[in-house]
Amino acid sequence: MKKIKISPSILSADFSQLGNEIKRLEEGGADMIHVDVMDGHFVPNLTMGPPIIKALRQHTKLPFDVHLMISPVHKYIKDYADAGADIITIHPEATKDLKSSTEHIKSLNKKVGISLNPETKISLITDLLNEIDLVLIMSVNPGFGGQKFMPEVLEKIKELKEMRDQKNLDFDIEIDGGINFDNNKLAIEAGANILVSGTTIFKNNNGDIKKNIDLLKSS
Ligand code: DX5
Ligand code: ZN
């Protein structure tokens, strides 16, 4: 079984203190930093872009797990690679040619992820599973933190895990949206090995990040 990793989303961090917030995450045992990039077009919310990622890069050695919710995504990929992303995850709906966008990310020596919205079918990416590093299963409709977890997406995780085993592949399965101390177990049992969490990590137990990361990891 793959090791369970936690990728805290800085969407729920104090934006006036982002450098310190990232240090707190590293000290609290985060495995990577999830950066939610939104463009106010692909999703109805606007967050941060390459200059902020670049500025944050000096505050941690942890990998930056950059979730691009922007469209069209292709022409911006290199900017995120240059800014310091380690994993670049894109949505199929945000590019004209998913294969060429994933190849572009790989050619920049970055790990490549594909994210599936709750409504998006696995069949869209079956052919690419042997070429990518990660599948990000959205358990909310992307756009905002603090939304309610959609348990129906667990089926997709089970299916993906079966496909991975059958085809002897190695991609990570990450889940994103509404993860808390109850559904973390369901996500891990289904086959997710990276849990994204914003609200639970930053707001629960009076913002005790270490405690919240530990609780999310234990199932
Ligand atoms: C939603 C984002 C998520 C989200 C996670 O569009 O991709 O990363 O902010 O935050 P919580 O854990 O609050 O759902
Ligand atoms: Zn995300």
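You'll find the structure just up there.
Q: Would you take a moment to explain the pattern of salt bridges for this structure?
A: Pairs can form between side chains of opposite charge once their charged atoms are near each other. This model, assessed by the stated rule, comprises 12 salt bridges. When the shortest N-O distance is used, the salt bridge between K78 and D82 registers 2.9 Å. With K78 and D82 both in helix 3 (residues 77-83), this residue pair falls four residues apart, about one helical turn. For K78, a relative accessible area of 40% corresponds to the partly exposed category. Where K99 meets E131, a salt bridge forms, and the shortest distance between an N and an O atom there is 3.1 Å.

Q: Sorry if this is basic, but what is going on with the coordination of the zinc ion (ligand 2) here?
A: Each donor-metal-donor angle in an ideal tetrahedron of four donors is 109.5 degrees, and each such angle in an ideal octahedron of six donors is either 90 or 180 degrees. Distances from the zinc ion (ligand 2) to its protein donors, H34 (NE2), D36 (OD), H67 (ND1) and D176 (OD), fall within 2.0 to 2.3 Å. Taken together, the six donor atoms coordinating the zinc ion (ligand 2) and their angles of 68 to 166° define a geometry best described as octahedral. One chain supplies every donor to the zinc ion (ligand 2), and in sequence these donors are spaced H-x1-D-x30-H-x108-D. Pair noted here: D36 is in strand 2 (residues 33-38) and H67 is in strand 3 (residues 64-69), with a separation of 31 residues, a long-range link. Of the two residues, D36 and H67, both sit in the buried class.

Q: Sorry if this is basic, but what is going on with the side chain of N184 here?
A: Its location among the elements puts N184 in helix 6 (residues 183-190). Only 3.3 Å separates the side chain of N184 from the side chain of K185, close enough to count as a polar contact. Not counting the four nearest positions on each side in its chain, N184 is found in contact with I179, L195, L215, L216 and S218.

Q: Before we go on, may I ask you to explain the sheet that holds strand 7 (residues 172-176) in this structure?
A: Each strand in a sheet pairs with its neighbour through backbone hydrogen bonds, running either in the same direction (parallel) or in the opposite one (antiparallel). The parallel open sheet is built from eight strands, whose spatial order is 1-8-7-6-5-4-3-2. In this open sheet, the two strands that pair with only one neighbour each are strand 1 (5-8) and strand 2. Taken over all neighbouring pairs, the strand axes of this sheet differ in orientation by 25° on average, direction set aside. Inspection of the sheet shows strand 4 (residues 87-90) paired to strand 5 (residues 111-116) by four bridges, in the parallel sense. Looking at the pairing, I88 lines up with V112 of strand 5. Docked against the sheet, helix 2 (residues 50-57) engages strand 2 and strand 3, running at close to 175° with respect to strand 3. This element, helix 8 (residues 209-217), spans strand 1 and strand 8 (194-197) of the sheet and lies at about 135° to strand 1.

Q: I'm lost on the nonpolar core in this one. Help?
A: Membership of the largest hydrophobic core comes to 61 residues, with the highest contact counts inside it found for I10, V66, L68, I88, V135 and I175. Listed in part, the eight residues of the second largest apolar core include M32, I87, L134 and V196.

Q: What is the right way to look at the pairing of strand 2 in this model?
A: Looking along a regular strand, one sees the side chains alternate between the two faces of the sheet. The buried fraction of strand 2 amounts to six of the six residues, a majority that puts the element mostly inside the structure. Burial along strand 2 is two-sided: the residues I33, V35 and V37 and H34, D36 and M38 are all buried. Relative to strand 3, strand 2 runs parallel, the two being bridged by six bridges. Looking at the pairing, H34 lines up with D65 of strand 3. Once the chain exits strand 2 it traverses helix 2 before rejoining the sheet at strand 3, and the crossover so formed is right-handed.

Q: Would you take a moment to explain the site of ligand 1 for this structure?
A: Around ligand 1, the structure places 20 residues, and the nearest of them are D36, G143, D176, G178 and T199. The contact in question runs from an oxygen atom of ligand 1 to an N or O atom on the backbone of G146, over 2.8 Å. In the environment of ligand 1, an oxygen atom lies 2.8 Å from a nitrogen or oxygen atom belonging to the backbone of G198. Across the complex, the protein chains shield 99% of the 380 Å² of accessible surface that ligand 1 would expose by itself. Spatially, ligand 1 is embedded in the largest pocket. Put simply, the parts of the chain that give the shell around ligand 1 at least two residues each are strand 2, strand 3 and strand 8. Taken together, the residues of the shell around ligand 1 sort by class into seven nonpolar, 11 polar and two charged.

The rules behind the values
- Residues numbered from 1 in each chain as written.
- Chains lettered and ligands numbered in written order.
- Predicted model: local features only at pLDDT ≥ 70, side-chain atom pairs only at ≥ 80, totals over all residues.
- Heavy atoms only, no water.
- Salt bridge = Lys/Arg side-chain N within 4 Å of Asp/Glu carboxyl O.
- Helix = DSSP H or I, 4+ residues; strand = E, 2+ residues; numbered from the N terminus.
- Buried < 20%, exposed > 50% of the residue type's maximum accessible area, 1.4 Å probe, protein only.
- Donors = N, O, S within 2.8 Å, 3.2 Å for Na, K, Ca; no water.
- Tetrahedral: all angles 85-135°; square planar, octahedral: opposite > 155°, others 65-115°.
- Polar contact = N/O pair within 3.5 Å; in protein donor to acceptor, adjacent residues only side chain to side chain.
- Contact = heavy atoms within 4.5 Å.
- Pairing = 2+ DSSP bridges.
- Axes fitted to C-alpha atoms, helices over the stretch in contact; angles between N-to-C directions.
- Core = buried A, V, L, I, M, F, W, Y, C linked by side-chain atoms within 4.5 Å.
- Right-handed = clockwise from strand over helix to strand, strands pointing away.
- Near = heavy atom within 4 Å.
- Areas by Shrake-Rupley, 256 points an atom, 1.4 Å probe, with all protein chains shown as cover.
- 1 Å grid on protein atoms, 1.4 Å probe; cavity = no way out; pocket = protein on both sides within 12 Å on 5 of 7 lines; lining within 4 Å.
- Sits in = over half its atoms within 2 Å of the grid points.
- Nonpolar A, V, L, I, M, F, W, Y, C, P; charged D, E, K, R; others polar.

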